[in-house]
Amino acid sequence: MKRYGYSLLPLLVLLLTAGAPALAGAPKPDIPEAIKGEQCVEDTGFMRRNHMELLEHQRDDTVRRGIRSKKHSLKNCFTCHVVKGDDGKAVTASDPRHFCRECHDYAAVNVDCWQCHVSTPEPRGDKL
Amino acid sequence: MSDEKAMSDNQIDSYKRRFLGQSAAIAGAATLGGGLVLTSVAGARPAEQAASSANRWGLLIDTSKCASDCDECVKACETEHGWGRGSTDEQHSRPEQKAQWVRKVTVRDRATGHETSLPMMCQHCAHPPCVDVCPTGASMKRDDGIVLVDKHRCIGCRYCMMACPYKARSFIHEALHEQKTESPRGKGTVESCNLCVNRVDRGEQPACAEACPEKAILFGDLEDAGSDIAKRLASEPSTEIRGDLRLDLGVRYQHI
């Protein structure tokens, strides 16, 4: 028992000293401010935990039943959650600074929304 | 199980709506009196309200007004939904592989040589073969008769493309980048004319009907006897393409 205690002691010291800075400054995602700076459609904590449920529910309601309420729509997300790039234009999801990417990259959660959906607000009405 | 429940809920909702609609119509008729009955115009329903089987959206296309050298309807569709000339994507696909939601078709009478030009798109069948064959429920018909692909469920198997007698569906072979906000499209899924479901839900008509310079495409509610389209269908001859298949099409043609 004593033998084990001596051999573990340096390891314990190493863990404590290495762990201290990590505890002080664990990296956190740098969540961009919404451009309107108002309250989100739901409470912030609720949105962080449940936004995927809201979006999934809304997508089925919209595509399959034609319910197009704005509140929980993906389009509505991008009326506020826009990150401007160096050129002043909204960055797309291919840019790591994009609102969704900031946390999704941090949590290593890959979403395939952007294979079909645009990830920026889009002005409508362009002609051929 | 939950699907079954959702479906029964929807059904109950539709019963409720029909009942409320009838009561409203009775109330409207009562207040107006004198044999006047309120008829709903093709106005926008509230965004929170689901599409209802009280409507069936359709098109009536008068081919006698359709010029062979005009493709304004196709152009309008491309712009609205961001395919073909409406996009710079699909650089590697061969022309026959590229998305085609609507195409101009010329039919020629072999006996007389008379040629008719017409736009051909999804015919929005009441009994769509594409929905019958879809293994995932992605190919679907909305309650208001619009046939479309729920790309969230589409696995890209292309059975629906095989089943469609009108060659109305396309498969996307490459990654896209310039989609429209209201018309999400992506690699590995099948797509087709959705009767501009985004516009119809706002109470507007499809882009092709709006763009036609000859007003050859009439959009409206086939279920509403007072609508322009229903009146014309009742009073003028029209035909379904491949009517022998008895699919009860939402798109009908004149003068072919």
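Each value, and the rule that gives it
Numbers given to residues run from 1 along each chain, matching the order in which its sequence is written. Numbering of ligands from 1 and lettering of chains from A proceed in the order in which they are written. The predicted origin of the model limits local features to residues at a pLDDT of at least 70 and limits the giving and counting of side-chain atom pairs to 80 or more, whereas totals for whole chains, interfaces and linings rest on all residues. Under the DSSP-based scheme used, a helix requires at least four consecutive residues in state H or I and a strand at least two consecutive residues in state E, with every element numbered from the N terminus. Contacts are defined on C-beta atoms placed from the backbone: any two residues whose C-beta positions lie within 7 Å are in contact. Once C-beta atoms are placed from the backbone, each residue is buried if 20 or more other C-beta atoms lie within 10 Å of its own, exposed if 12 or fewer, and partly exposed for counts between those two. Two strands pair under a simple rule: DSSP has to find at least two bridges between them. To obtain each axis, a line is fitted to C-alpha atoms, and for helices this fit is confined to the stretch in contact; angles are then taken between N-to-C directions over 0 to 180 degrees. The nonpolar core is taken to be a set of buried Ala, Val, Leu, Ile, Met, Phe, Trp, Tyr and Cys residues joined by way of C-beta atoms within 7 Å. Nonpolar residues are Ala, Val, Leu, Ile, Met, Phe, Trp, Tyr, Cys and Pro. Charged residues are Asp, Glu, Lys and Arg, and all others, Gly as well, are polar.

A. Examining the overall build of chain B more closely. On a plain count of helices and strands, chain B comes out with seven helices and nine strands. Across chain B, every contact between residues at least 6 apart in sequence was considered, and the portion connecting residues at least 24 apart equals 64%.

B. View of the overall build of chain A. Looking only at helices and strands, chain A has four helices and zero strands in total. Out of the 128 residues in chain A, the part that is buried amounts to 15%. Contacts spanning at least 24 positions in sequence make up 48% of the contacts within chain A whose residues lie at least 6 apart.

C. Representation of the sheet that holds strand S1 (residues 57–62) of chain B within the structure. All names here are of chain B. Taken together, three strands build an open sheet; the order of strands is S8-S1-S9 and the sheet is mixed. Lying at the two open borders of the sheet, with one neighbouring strand each, are strand S8 (217–221) and strand S9 (251–254). Direction aside, neighbouring strands of the sheet carry axes that sit 20 degrees apart on average. In this structure, S1 lies alongside S8, joined through five bridges in antiparallel fashion. Of the residues in S8, the one forming a bridge with Leu 60 is Leu 218.

D. Spotlight on the nonpolar core. Residue and element names in this part refer to chain B. If you look at the biggest cluster of nonpolar residues, it comprises 49 residues, and the most contacted ones within it are Leu 59, Ile 61, Cys 73, Cys 77, Val 102, Cys 208 and Ile 217. Breaking this core down by element, the ones donating at least two residues are S1, helix H2 (72–81), strand S3 (115–121), strand S5 (147–149), helix H5 (197–200), helix H6 (207–211), S8 and S9. For Ile 217, the contacting residues outside a window of four places in its chain are Leu 59, Ile 61, Cys 73, Cys 208, Ala 209 and Cys 212.

E. How the structure looks around the interface of chain A and chain B. Listed per partner, the contact involves 18 residues of chain A and 22 residues of chain B. With four residues, helix H2 (residues 44–65) of chain A is the single largest residue contributor to the side of chain A that touches chain B. Residue composition of the side of chain A that touches chain B, grouped by class: five nonpolar, four polar and nine charged.

F. Up close: the pairing of S3(B). All names here are of chain B. Of the pairings in the sheet, the one linking strand S2 (residues 102–108) to S3 comprises seven bridges and is antiparallel in character. Looking at the pairing, Thr 106 lines up with Ser 117 of S3. If you look at the hairpin formed by S2 and S3, you'll find six residues sitting between the two strands, and Gly 113 has a positive phi there, around 80 degrees.

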